[in-house]
Amino acid sequence: MQTVSLRITLFSALFALSALMAQETRKVSDAWTLDAISGNARLVADWMTANPKPHNKLDWTYGAFYAGIAALGLSDPALPYLGQIRELGKASGWTPLTRTYHADDHCIGQSWLELAAFENNPVYVERLRQTYDYILANPHKGPLDFTKKDNQKRWSWCDALFMSPTVLVKMYGLTGDTRYLAFMDQEYKSTADYLYSKEDHFFFRDSRYFDKQSKNGKHVYWCRGNGWVFGSLPIILRDLPQDWPTRGFYLGLFKEMAAALKQAQHADGAWRPSLCDREDPDMPEMSGTSFFTYGLLWGINNGVLDRAEYLPCVQKAWAVITRNINAEGRLGWVQPIGDRPVASYTADDYEVYAVGAYLCAAMELRKLVIADAHAARKTVEVVNPLGSYRAAETVTLDWPKLGFKADKVRVFDVRNSAVLPHQLIDADGDGTPDELIFKTYALARQSRAFWVFESDTVPAAPTAAVCFSRHAPERMDDYLWENDRTAARIYGPVIMKPAPAGQSLVSSGIDIWNKSVRYPIIDKWLKRKNYHADEGEGMDNYKVGPGRGCGGLGVFNAGTCFVSQNWATQKHLASGPVRTVFEVTYAPWACGNGVTVAETRRMSLDAGSHFTRCESRFTITGSAPLTAGPGIDTSAAHLHNGLLAVHPEQGWMTNFEPEQPKMGAIATAVVLPTKATLMSDTTENVYLLAALTPDKPFVWYAGAAWSGAGDFVNATYWNGYVAAFAAGLRTPLTVTVK
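Residues numbered from 1 in each chain as written. Predicted model: local features only at pLDDT ≥ 70, side-chain atom pairs only at ≥ 80, totals over all residues. Heavy atoms only, no water.

Q: Explain the sheet that holds strand β14 (residues 560-562) to me, using residue names and the numbers behind them.
A: The strand order β14-β13-β19-β24-β23 describes an open sheet built from five strands, whose pairing is antiparallel. The open sheet terminates on both sides in strands that have one partner only, identified here as β14 and β23 (677-680). Going from strand to strand, the sheet's axes swing by 40 degrees on average, the running direction of each strand aside. Relative to strand β24 (residues 685-691), β23 runs antiparallel, the two being bridged by four bridges. Its bridge partner being in β24, Leu678 is matched across the sheet by Leu688. (Pairing = 2+ DSSP bridges. Helix = DSSP H or I, 4+ residues; strand = E, 2+ residues; numbered from the N terminus. Axes fitted to C-alpha atoms, helices over the stretch in contact; angles between N-to-C directions.)

Quick look at the structure:
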């Protein structure tokens, strides 16, 4: 016993000495300011990236690291961190390691699925989905006893509750498939029933520790093992539907563990490797401490934990974590890979999983600091009532009712700890803004919060015109528009003229420009002249001619289609980070039986969307029951004879065209917000039609994607996106401002 006491004393002295030396030499601030928090997070992330561990970057150690990198990257997508995840995914083909059932090999999926949701890329999801679908079809039924063969084909060790359930809840969010949640509930509860102590409110690491005791005769509850569990719960609860039947189970477990962790915290702010015996050994452990801090901060931020009771715990913990970050950004005092409390590490020991936990905690602290500094904020609650992922949604708020100053207003995404680009829109054209709009995404049946406030301290989001449109007189009067996903054009008066002034092209079809980059390309390509070959950004390889292209309008009278000539006048209304808007008119054209139609069309394209919204108002002369709608060119002559998917009862139609050598495949779609009827014309254009009335605006959507962009690489992905978009039009987000 004397030897043990001496060893503990030496370790305590070593920790105190290293902390004192760090205070004298470090440059890392423990101030609760945005600059300090964000600066420290980047410092630690950058150091760890520059000093990698020799682990497989697809294993669980790096899975936790990249979960933190995702949190940091989502807080400011302009920083390079999301790129790290993207590069790893591409290098691995977005394929996890080969142990199908083993939770450790699932963990990398956390960051991949976060990126998939943010970037709307189904390619990132597919291999993980195949893995889980196999597991669900062939579930392992063996015991959780860690001494039995194949026990790790289930979640037989508590660490696994961070590795796999967190991926399953994200998989549900992207697919809406409740089987993933049901499996998560079943297996999580089985593990908790087996490993969780209802007396001490901690998890045994695995069944081998049921009867083991510390040197002081106490149960052995491993700090990091419980850190994995506690860190999993905020990730699950964040995206689990509010009315999911088992939500109360996860909340109850979180609260019980939080109360026990509060009691187990050492006076110096850190947790020891053995939670119930601070003396065996008496050493700080930063990976568990970081996970606990993350969880406690999440609980405070979301009103799950009492702030007055738990904030002192967080303050002490954050101070001790910061003390153990050296000037270069190395987070020390991290227990190496293991499965039990040990004393064989020092202030010089570091690991990638501790950095991941620290980054998650830092982003939660960022939210707390912003909330405290902006008490007058408005909270915008956004609820997705659908069981499907919505990739790009524009939220519209009443600008005058917000009552903020335009030059100081900020929109903050609470989930991702990010300041979002926003835009003020003059919807009624009276010269003053009516709406504040911002872009987001929503997982299946997800509830999300956003804060709107004035600030002098929170940096503004980028204001560059990601959504851009303009008249191009230098290109024979084209009118072009684009966002970060797609680009398009319609033809103007000059191109109708004979050569050399024009091309004798009479067409109100919509032409698609295929882009593979997220920055604007219109002006650059126009200067280049030849944009029909891909030079690394995309190309114009879509043929329109006099057809409808992708979404050109047709008016039908008694079964015959009539189309306008090129646009006659144009007016640019807005470009910005969230939306571009312009208006064109079409001169009256004959529609049979003495009927003529003139059109004024307002077109808009929002950030992140593949769909242009078209709202037309018609002046009709004469009397006849007319229908109208967008068409898609399906002709073989234009190479548009692809896989046509038609769902008029749901208001959508797609065409996934044949892949062309060195050009990829083009996907097109049209959508009406209501049920439609199907019609074709004599030149192989297929239409979705609805009744046309002169006193009501006629709304439709035209969209496109390109396999060369690396996202919608097959018809299944494209049809899924379009179906979800159409469903979202029929069932919009619920938005409440408080």
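Q: Could you give an account of unusual backbone geometry, with specific residues and numbers?
A: The peptide bond linking Asp280 to Pro281 adopts the cis configuration, its omega dihedral lying at -5 degrees. Structurally, Pro281 is set in the loop between α11 (247-264) and α12 (286-301). Cis geometry is adopted by the peptide bond preceding Pro500, which originates at Ala499 and carries an omega value of 10 degrees. Checked against the element boundaries, Pro500 lands in the loop between β10 (487-490) and β11 (511-515). A positive phi angle, close to 55 degrees, is found at Asn593, a residue other than glycine. Topologically, Asn593 is positioned in the loop between β16 (579-590) and β17 (596-606). Judged by relative accessible area, which is 64%, Asn593 ranks as exposed. (Buried < 20%, exposed > 50% of the residue type's maximum accessible area, 1.4 Å probe, protein only.)

Q: So what about the pairing of β17? Which residues, and what values?
A: Most of β17 is tucked away: eight of the 11 residues are buried. As defined by bridge partners, β16 adjoins β17 across 10 bridges and the pair is classed as antiparallel. Residue pairing for β17: Val584 is matched across the bridge by Arg601. When β17 meets strand β18 (residues 611-621), the two strands line up antiparallel, connected through 10 bridges. Across the sheet, Thr600 pairs through a bridge with Arg617, a residue of β18. Counting the residues that bridge the hairpin from β17 to β18 gives four residues, and of these Gly608 lies at a positive phi of roughly 80 degrees.

Q: Report on the pairing of β16, specifying residues and quantitative values.
A: Note that strand β15 (residues 569-574) and β16 share five bridges and pair antiparallel. The residue bridging Lys571 from the neighbouring strand is Glu583, located in β16. Remark: five residues form the turn of the hairpin made by β16 and β17, two consecutive strands paired antiparallel; Gly592 in that turn has positive phi of roughly 85 degrees.

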